[in-house]
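Residue-level structural notes
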Amino acid sequence: MKQVHNATEQPTHGLAQDADDCLYDPRIRTVLSEFTLGNDTLTLEAAAAVRAASHSVERLRSRGAQGRGLSSGALDILIRLGATSGEALSIGDLARSADVSSRNVTGLVDTLEREGLAERVPDPHDRRSVLTRITPAGRGWLDTFREPVQRAMAGVFRGFTPADLTQLRHLCLRVVENQQRLEHYLAQTEDALR
């Protein structure tokens, strides 16, 4: 853990502070200023920062999972299966909860099954359907993965207060909410034009 904290004390390359002591990326600002023909870049810079932060957290999370032989997507499905009390879930339910396609989840479940971390079981209510549940080995895998991930995330968010984290979560989810509204509007507009 000491190495994580020491690594975070080193300067972040490429970032600068504006007059309000807020971080920004001068390279992104320059590119976006050219893109907008000199107009305001704040919303585009914010979008780039959200994407960069997401990639940073995901890279760290993936690094831990890949060191244990799982992709980030497979890890996400395993965590979702682990959140049930042994209850088996359908591929469709997993896909909806992860906001990905059923086809994608099928491949991820195949991976988890090959690793012995999840298993397919018959649906007791529908003989034609198959459900997926975590195995004892999958629970053990999550148990060994949990603590290092929690330490790593504590390092990533070092210096953030609980209020900062709550506000960050809130703002990120507002972005998601606005994107979903915009996507819904665009889908309705496209349907109306057909």
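In this text, all values refer to a predicted model and were calculated from it rather than measured experimentally. (Residues numbered from 1 in each chain as written. Predicted model: local features only at pLDDT ≥ 70, side-chain atom pairs only at ≥ 80, totals over all residues. Heavy atoms only, no water.)

**A word on the overall build of the protein chain**
- Helix and strand content of the protein chain: eight helices and four strands.
- Listing the helices and strands of the protein chain from first to last along the sequence gives α-β-β-α-α-α-α-α-β-β-α-α.
- What you see for the protein chain is a C-alpha radius of gyration of 21 Å, clearly larger than the 16 Å of a compact globule of 194 residues, by over 25%.
- Principal axes of the C-alpha set define a box for the protein chain whose edges measure 65 × 60 × 30 Å.
- Taken across its 194 residues, the protein chain has 23% of its residues classed as buried.
- Considering only intrachain contacts with a sequence separation of at least 6, the fraction spanning at least 24 residues in the protein chain is 44%.
- Within the structure as shown, the protein chain displays about 13900 Å² of accessible surface, and the carbon and sulfur contribution to it stands at 54%.
- Taking the average location of the 24 positive side-chain charges in the protein chain and that of its 26 negative ones, the two points are 5 Å from each other. (Helix = DSSP H or I, 4+ residues; strand = E, 2+ residues; numbered from the N terminus. Rg over C-alpha atoms; globule rule 2.2 N^0.38 Å. Buried < 20%, exposed > 50% of the residue type's maximum accessible area, 1.4 Å probe, protein only. Contact = heavy atoms within 4.5 Å. Areas by Shrake-Rupley, 256 points an atom, 1.4 Å probe, with all protein chains shown as cover. Lys, Arg positive; Asp, Glu negative; His and termini not counted. Charge placed at Lys NZ, Arg CZ, Asp CG, Glu CD.)

**Comments concerning the packing of aromatic side chains**
- Scanning all chains against the criterion turns up two aromatic pairs.
- With 5.4 Å between their ring centres and 90° between their planes, Phe157 and Phe160 make a pair best called edge-to-face.
- In this structure Phe157 comes out as partly exposed when scored by relative accessible area, which is 25%.
- Note that Arg29 overlies the ring of Tyr24, its terminal NZ or CZ placed 3.8 Å from the centroid. (Phe/Tyr/Trp six-rings, centres within 6.5 Å; stacked < 30°, edge-to-face > 60°. Lys NZ or Arg CZ within 6 Å of the ring centre and 35° of its normal.)

**What to know about the pattern of salt bridges**
- With the rule as written, the count across this model stands at twelve salt bridges.
- Asp93 is paired through a salt bridge with Arg96; the nearest N and O atoms lie 2.6 Å apart. Residue Asp93 and its partner Arg96 are both found in helix H5 (residues 91-98); the two are separated by three residues, about one turn of the helix.
- Owing to a relative accessible area of 36%, Asp93 belongs among the partly exposed residues under this scheme. (Salt bridge = Lys/Arg side-chain N within 4 Å of Asp/Glu carboxyl O.)

**Thoughts on the packing of helix H4 (residues 72-82) against H5**
- The geometry of H4 relative to H5 is characterised by a closest axis approach of 11 Å and an angle of 110° between their N-to-C directions. Considering the angle they form, H4 stands roughly perpendicular to H5. Crossing of H4 against H5: the hand is right-handed. Each of Asp76, Ile77, Arg80 and Leu81 in H4 lies in contact with H5, whose residues at this interface are Leu94, Ser97 and Ala98.
- Its residues assigned to classes, the contact of H4 with H5 comprises four nonpolar, one polar and two charged. (Axes fitted to C-alpha atoms, helices over the stretch in contact; angles between N-to-C directions. Parallel < 35°, antiparallel > 145°, perpendicular 65-115°, else oblique. Left-handed = near helix turned anticlockwise from the far one by under 90°. Nonpolar A, V, L, I, M, F, W, Y, C, P; charged D, E, K, R; others polar.)

**What to know about the nonpolar core**
- Residues Ile77, Leu78, Leu81, Leu112 and Trp141 are the most contacted members of the largest nonpolar core, which totals 21 residues.
- Elements supplying a minimum of two residues to this core: H4, H5, helix H6 (102-114) and helix H7 (136-156).
- Here this core takes five residues from H4, the largest share from any one element. (Core = buried A, V, L, I, M, F, W, Y, C linked by side-chain atoms within 4.5 Å.)

**Observations concerning the confidence of the model for the protein chain**
- The share of residues in the protein chain with pLDDT of 70 or more is 90%, and the mean pLDDT across the chain is 87.
- A low-confidence stretch, residues 1-11 stays under pLDDT 50, and its non-local contacts, those more than four residues away or across chains, total eight contacts. (pLDDT = per-residue confidence, 0-100.)

**So, the pairing of strand S4 (residues 126-134)**
- In this sheet, S4 lies alongside strand S3 (residues 118-123) in antiparallel orientation, the contact comprising six bridges. Looking at the pairing, Val121 lines up with Leu131 of S4.
- Here S3 folds back onto S4, and the loop between the two strands holds two residues. (Pairing = 2+ DSSP bridges.)

**Things to note about the state of the cysteines**
- According to the stated counting rule, one finds zero disulfides in the structure shown.
- Cysteine Cys22 is unpaired, with the sulfur of Cys172 as its nearest cysteine sulfur at 16 Å.
- Of the residues examined, Cys22 reaches a relative accessible area of 41% and is grouped as partly exposed. (Disulfide = S-S within 2.5 Å.)

**A short note on the packing of H4 against H7**
- Packing of H4 against H7 brings their axes to within 10 Å, and their N-to-C directions diverge by 110°. Considering the angle they form, H4 stands roughly perpendicular to H7. Taken together, the residues of H7 that come into contact with H4 (itself represented by Leu75, Leu78, Ile79, Leu81 and Gly82) are Gly138, Arg139, Trp141, Leu142 and Phe145.
- Partitioning the contact of H4 with H7 into residue classes produces seven nonpolar, two polar and one charged.

**Remarks on a nonpolar patch on the surface**
- A cluster of nonpolar side chains, contributed by Phe160, Leu165 and Leu168, occupies part of the molecular surface with about 220 Å² of accessible area.
- Topologically, Leu168 is positioned in helix H8 (residues 162-193). (Patch = residues over 30% accessible without salt bridge, like charges linked within 9 Å, V, L, I, M, F, W, Y side chains within 5 Å.)

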